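# Analysis of the macromolecular model
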Amino acid sequence: MANQKPIILRGRTLTFHAAPNGPEDITAFSYEEDGALLLSDGKIKVRGPFAEVQSGAPDGTEIVDHRPHLLLPGFIDTHIHFPQAQVIASWADQLLDWLNDYTFPAELRFADKAHADRIANGFYDALIAHGTTTAVAYCSSHPNSVDAYFEEAERRGMMMLGGKTMMDRNAPEALCDTAQGSYDDSKALLAKWHERGRARYVITPRFAITSTPEQLDAAGSLLRENPDCHLQTHINENHNEIAFTRELYPDAAHYLGVYESFDLLGSKTLLGHCIHMTGHELQVMRETGAVAVFCPTSNLFLGSGLFDKSGIESAGIRTAIATDVGGGTNYSMLRTLDEGYKILQLQRQRMHPLTSFYWATLGNAKALSLSDRIGTLDAGSDADVVVLNAGATQTMALRMETVETLSEELFLLQTLGDDRAVVETYVAGNRQKSVRLKP
Ligand code: GUN
Ligand code: ZN
């Protein structure tokens with residue numbers, strides 16, 4: 001899928017080098033007013049002022065002029081559910097009812113490969129439309145769904161992470177696997193997909209409620225046998241979920257203790273939600289390097305609670321931000337940042353727009369230990385780029401008339417933007433949005 005012919009993208013380039021240390025921290029990012037990227041063979045070869053990039057490029061290199069728009073690294077979504085593309089926007093009660101009433105029935109349909117293929121196509125179109133170039137997904141418990149997920153990613157040349165959901169109890173029988181079966185299937189899928197092209201396999205026990213101790217033990221074995229794979233699960237999202245987990249695992253000191261006791265925690269462990277954390281759990285998170293994944297639209301939609309970013313980060317814990325579609329209500333990382341901002345506002349933790357855009361790009365790449373490949377526009381990175389227009393709608397254009405600084409523009413994009421603000425999405429140097437999607 002790598003593009004062979006070099007291409008120059010011209011526009012206002014913005015890329016981060018570190019987490020901004022406050023609104024004035026200009027060392028945290030590079031911004032070029034008349035900037036450009038030279039893309040070739042799926043990589044960013046050069047980033048710099050347009051004149052310099054052009055003069056160093058091979059004669060006749062095509063130039064795509066995106067001025068006056070912003071060029072950023074493609075967005076990274078660190079927690080999403082591929083089989084929930086038809087669950088999003090379901091009128092439900094809180095987490096456990098929502099799972100039983102809508103989510104499990106929808107996931108059952110992924111036993112059918114043709115269904116999984118069709119949904120995969122729409123799912124990837126949605127990601128691209130919203131400027132997301134990498135995501136970490138739960139597939140269903142059916143190996144078919146993992147094949148559908150990675151086959152479509154491969155066709156599009158996208159760096160995608162994901163895995164078969166392991167679940168052997170407290171769900172419809174046809175959705176349940178067994179401890180041994182889930183181990184065998186995950187192992188085979190991992191062997192097939194992990195590091196095939198840009199794909200990365202993620203060991204995926206859904207959460208403690210839907211796994212027997214034997215299955216969590218199997219997940220721990222998979223992680224020990226494949227330490228360069230990620231592992232994802234859910235934790236401390238909802239009070240009823242926590243109470244049920246404590247009943248199922250009465251010997252654990254706390255919810256995280258369940259995962260700790262099966263060796264599931266390490267620097268590649270992604271823990272969705274982390275809302276109702278105890279002090280001891282925070283300590284274990286810090287010691288193991290596990291990542292707390294904030295899912296704002298989902299946490300509001302399911303009435304789950306308020307993620308304490310400042311408390312978690314000041315405890316020395318790594319964080320990421322994600323949509324969690326279909327508990328989450330939008331594929332857009334812009335909408336996600338906006339709702340995240342409001343959740344933090346409720347706790348008097350006002351997030352600066354530089355921090356927001358760092359989080360959705362380099363911050364999430366670091367949380368995935370993939371910042372050498374994605375999340376930046378630095379030379380050597382994969383050529384995944386999003387082009388954003390802060391005046392995409394009438395409301396945005398009107399407000400844009402009074403915007404004076406980059407930070408104000410970013411905040412406008414975050415507060416009012418969605419897929420309409422995404423002009424183009426490049427994956428491995430190839431234009432995706434305008435060639436695949438009807439306007
Ligand atoms: N906990 C276990 N499964 C799920 C899921 O599919 N979505 C959310 N939001 N939480 C979960
Ligand atoms: Zn989830």
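Here the structure is a predicted model, which is why all the values come from computation and not from measurement.

## Quick word on the coordination of the zinc ion (ligand 2)
Bound to the zinc ion (ligand 2) on the protein side are His79 (NE2), His81 (NE2), His234 (NE2) and Asp324 (OD), at distances that span 2.0 to 2.4 Å. Each donor residue of the zinc ion (ligand 2) lies on one chain, and together they are spaced H-x1-H-x152-H-x89-D. Of this pair, histidine 79 sits in strand 5 (residues 75-81) while aspartate 324 sits in the loop between strand 13 (318-321) and helix 12 (333-346); the two residues are 245 residues apart in sequence, bridging distant segments of the chain. The burial state of histidine 79 is the same as that of aspartate 324; both residues are buried.

## A word on helix 6 (residues 213-225)
Taking 1.5 Å per residue, 13 residues should reach 18 Å; helix 6 reaches 18 Å between its end C-alpha atoms and fits that length. Residues of helix 6 that are buried make contact with strand 8 (165-166), helix 5 (179-193), strand 9 (200-205), strand 10 (230-235), helix 8 (255-261) and strand 11 (269-273).

## Thoughts on the pairing of strand 15 (residues 422-427)
For strand 15, a buried count of 5 out of 6 residues is recorded, marking the element as mostly surrounded by other parts of the structure. Where strand 14 (residues 385-388) lies against strand 15, 4 bridges are found, and the strand directions are antiparallel. Its bridge partner lying in strand 15, valine 386 is registered against threonine 425. Examined bridge by bridge, strand 15 and strand 16 (residues 430-431) share 2 bridges and lie antiparallel to one another. Directly across from valine 427, in strand 16, lies its bridge partner asparagine 430.

## Digging into the nonpolar core
Across soluble globular proteins, you tend to see nonpolar side chains buried next to one another. Among the nonpolar cores identified, the biggest contains 107 residues, and Tyr259, Phe357 and Leu388 are the most heavily contacted of them. Element by element, the count of residues in this core is highest for helix 3 (residues 113-129), at 8 residues. Ignoring any residue separated from it by four or fewer positions in sequence, one finds tyrosine 259 in contact with Phe207, Ala208, Leu216, Thr233, His234, Ile235, Leu264, Leu265 and Leu271. Within the second largest apolar cluster, 16 residues are counted, among which are Leu161, Val291, Ala322 and Leu368.

## Focus on the layout of surface pockets
Taken as a whole, the largest pocket encloses approximately 250 Å³ of empty space. As for the largest pocket, its lining consists of 14 residues, of which Ala19, Glu313, Thr319, Tyr358 and Trp359 are closest to the centre. Those elements giving two or more residues to the lining of the largest pocket turn out to be helix 11 (309-314), strand 13 and helix 13 (353-367). Top contributing element to the lining of the largest pocket by residue count: helix 13, with 6 residues. In terms of residue class, the lining of the largest pocket is made up of 6 nonpolar, 4 polar and 4 charged.

## Some points on the packing of helix 4 (residues 143-156) against helix 5
Two quantities define a packed helix pair, namely the angle between the helix axes and the distance between the axes. The interhelical angle for the contact between helix 4 and helix 5, taken along N-to-C directions, is 15°, at an axis separation of 11 Å. Considered as vectors, helix 4 and helix 5 are oriented roughly parallel to each other. For the crossing formed where helix 4 meets helix 5, the hand is right-handed. Contacts between helix 4 and helix 5 pair Pro143, Val146, Asp147, Phe150, Glu151 and Glu154 from the former with Asp185, Leu189, Lys192 and Trp193 from the latter. Per-class residue counts for the contact of helix 4 with helix 5 are 5 nonpolar, no polar and 5 charged.

Cut-offs used in this document
Residues numbered from 1 in each chain as written. Chains lettered and ligands numbered in written order. Predicted model: local features only at pLDDT ≥ 70, side-chain atom pairs only at ≥ 80, totals over all residues. Heavy atoms only, no water. Donors = N, O, S within 2.8 Å, 3.2 Å for Na, K, Ca; no water. Helix = DSSP H or I, 4+ residues; strand = E, 2+ residues; numbered from the N terminus. Buried < 20%, exposed > 50% of the residue type's maximum accessible area, 1.4 Å probe, protein only. Expected span 1.5 Å × (residues − 1). Contact = heavy atoms within 4.5 Å. Pairing = 2+ DSSP bridges. Core = buried A, V, L, I, M, F, W, Y, C linked by side-chain atoms within 4.5 Å. 1 Å grid on protein atoms, 1.4 Å probe; cavity = no way out; pocket = protein on both sides within 12 Å on 5 of 7 lines; lining within 4 Å. Points joined across faces, edges and corners; volume = space filled by probe spheres on them. Nonpolar A, V, L, I, M, F, W, Y, C, P; charged D, E, K, R; others polar. Axes fitted to C-alpha atoms, helices over the stretch in contact; angles between N-to-C directions. Parallel < 35°, antiparallel > 145°, perpendicular 65-115°, else oblique. Left-handed = near helix turned anticlockwise from the far one by under 90°.

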